[in-house]
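Analysis of the macromolecular model
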Amino acid sequence: MIDVELFASDVMYSPKSAIKLLKDNTQLIHFFGLGFIQIKLNDTQRVHFYHSAIPPFVEEPHNHRYNFISHVLKGRMTNTLYERAEGAGTMQKGVLDVTCKKDDMTSITDDALVGFERVGQIVTAAGSSYYLNSETFHTVKTSSKCITFIERGIPKKQHAQVIRTIADEDRLCPFSRPMAEDAMWDIVRDCIECNNAWELW
């Protein structure tokens, strides 16, 4: 297991050590397809790298199969939160059951229309963390460069859910845009080495 506090210190003060630690402990690096590069360290720990060079995407409100804690190591992240709701003024949207497994991108089913409304935002900067329950719907926006360290719990359900807000032809499945490994490591390195305040806020 990686000590998140020690790794965070390396990211801030010893970039070469941070990159070496990742290189030595990476089980898998991939472009996740939802706006970030993901490094899988082990069964429960991931590091996500958001970068302005990553192709733009439209993110739909979604939840996860598991609870998780996200530690923002560099940059700034804004989570917008949504809840099921009824009555005037709510979004009436379909809900999709989806999977984020690389070998299973087709497990998608429609539900009946459900009411949703935006209920709040969480702004988290470097040195702060937030917890998200598996049933919480959210979208994410980050600074031009942002690094988060994810500690996830055990899966609570087979599928996550997505609030259907865009057309099928515009929907982006995870892993649907492959990226060369060297290009991914270039993004990782640039995020870790960045000290430009304009890109981190």
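Keep in mind that what you see is a predicted model, and the values were worked out from it rather than measured. The residue numbers shown here count from 1 along each chain, following its written sequence. Confidence filtering applies because this is a predicted model: local features only for residues at pLDDT of at least 70, side-chain atom pairs given and counted only at 80 or more, and all residues used for totals across whole chains, interfaces and linings. For side-chain calculations, the full set of non-hydrogen atoms in the structure is used, while hydrogens and water are omitted.

A look at the environment of P155
- Strands are runs of DSSP state E lasting at least two residues, helices are runs of H or I lasting at least four, and both sets are numbered from the N terminus onward. By the secondary structure assignment, P155 is in the loop between strand 12 (145–152) and strand 13 (160–163).
- By relative accessible area, which is 42% here, P155 ends up partly exposed.
- In this structure, the C-alpha to C-alpha distance between P155 and R65, residues 90 residues apart in sequence, is 5.2 Å.
- Not counting the four nearest positions on each side in its chain, P155 is found in contact with R65 and Y66. Each residue is assigned to one of three classes by its accessible area relative to the maximum for its type, calculated with a 1.4 Å probe on protein chains only: buried under 20%, partly exposed between the two thresholds, exposed over 50%. By definition, residues are in contact when any of their heavy atoms lie within 4.5 Å.

So, the side chain of N67
- Looking at the secondary structure, you find N67 in the loop between strand 3 (45–51) and strand 4 (68–74).
- Within 3.5 Å is the distance limit for a polar contact, defined as a pair of N or O atoms, with the added protein rule that one can donate a hydrogen and the other accept it, and that residues adjacent in sequence qualify only through two side-chain atoms. Of note is the side chain of N67, whose polar atom sits 2.8 Å from the backbone nitrogen of S134.
- Here N67 is in contact with Y131, L132, N133, S134, E151, R152, G153 and K156, once residues within four sequence places are set aside.

Some words on the environment of I154
- Turning to its location among the elements, I154 is positioned in the loop between strand 12 and strand 13.
- According to the relative accessible area criterion, I154 is exposed, its value standing at 65%.
- As for I154 and Y66, which are separated by 88 residues in sequence, their C-alpha atoms are 5.9 Å apart.
- Sequence-distant contacts of I154, defined by excluding residues within four places in its chain, comprise R65 and Y66.

Points about the side chain of K157
- When you line up the elements, K157 lands in the loop between strand 12 and strand 13.
- Among the polar contacts made by the side chain of K157, one reaches the main-chain carbonyl oxygen of S134 at a distance of 3.2 Å.
- Side-chain polar atoms of K157 contact the side chain of Q161, separated by 3.1 Å.
- Once residues lying within four places of it in the same chain are set aside, the contact partners of K157 are N63, H64, R65, S134 and E135.

Brief notes about the environment of C146
- By the secondary structure assignment, C146 is in strand 12.
- It is 9.3 Å that separates the C-alpha atoms of C146 and F36, two residues lying 110 residues apart in sequence.
- In this structure, C146 is in contact with H48, F49, Y50, V72, K74, G75, R76, M77 and C191, ignoring residues within four places of it in sequence.

Some details on the pairing of strand 3
- In terms of burial, strand 3 is a largely internal element, seven of the seven residues being buried.
- The alternating pattern of strand 3 places Q45, V47, F49 and H51 on one face and R46, H48 and Y50 on the opposite face, and all of these are buried.
- In this analysis, strands are considered paired if DSSP registers two or more bridges between them. Inspection of the sheet shows strand 2 (residues 36–40) paired to strand 3 by five bridges, in the antiparallel sense. When the sheet's bridge partners are listed, F36 is paired in strand 3 with Y50.
- Where strand 2 folds back onto strand 3 in an antiparallel hairpin, the turn is made up of four residues.
- The pairing of strand 3 with strand 12 spans seven bridges and is classified as antiparallel. Of the residues in strand 12, the one forming a bridge with F49 is I147.

Observations concerning the sheet that holds strand 4
- Strand order in the open sheet formed by six strands is 1-2-3-12-4-10, with antiparallel pairing between adjacent strands. Both outer strands of the open sheet, strand 1 (28–31) and strand 10 (129–132), are each paired with one neighbouring strand and no more. Here the average twist between neighbouring strands, direction ignored, is 20°.
- Across six bridges, the pairing between strand 4 and strand 12 is antiparallel. Bridged to F68 within strand 12 is R152.
- Here the axes come from fitting lines to C-alpha atoms, over the contacting stretch only for helices, and the angles between their N-to-C directions go from 0 to 180 degrees. Contacts between helix 1 (residues 4–13) and the sheet are confined to strand 3, strand 4 and strand 12, with strand 4 contributing the most and set at about 25° to the helix.
- Lying over the sheet, helix 3 (residues 181–193) contacts strand 1, strand 2, strand 3, strand 4 and strand 12, oriented at roughly 85° with respect to strand 3.

Observations regarding the confidence of the model for the chain
- Taken residue by residue, the chain gives an average pLDDT of 85. The fraction at 70 or more is 81%.
- The lowest-confidence element of the chain is strand 8 (residues 109–110), averaging 54 in pLDDT; the highest-confidence one is strand 4, averaging 97. Per residue, pLDDT captures the predictor's confidence, and it can take any value from 0 to 100.

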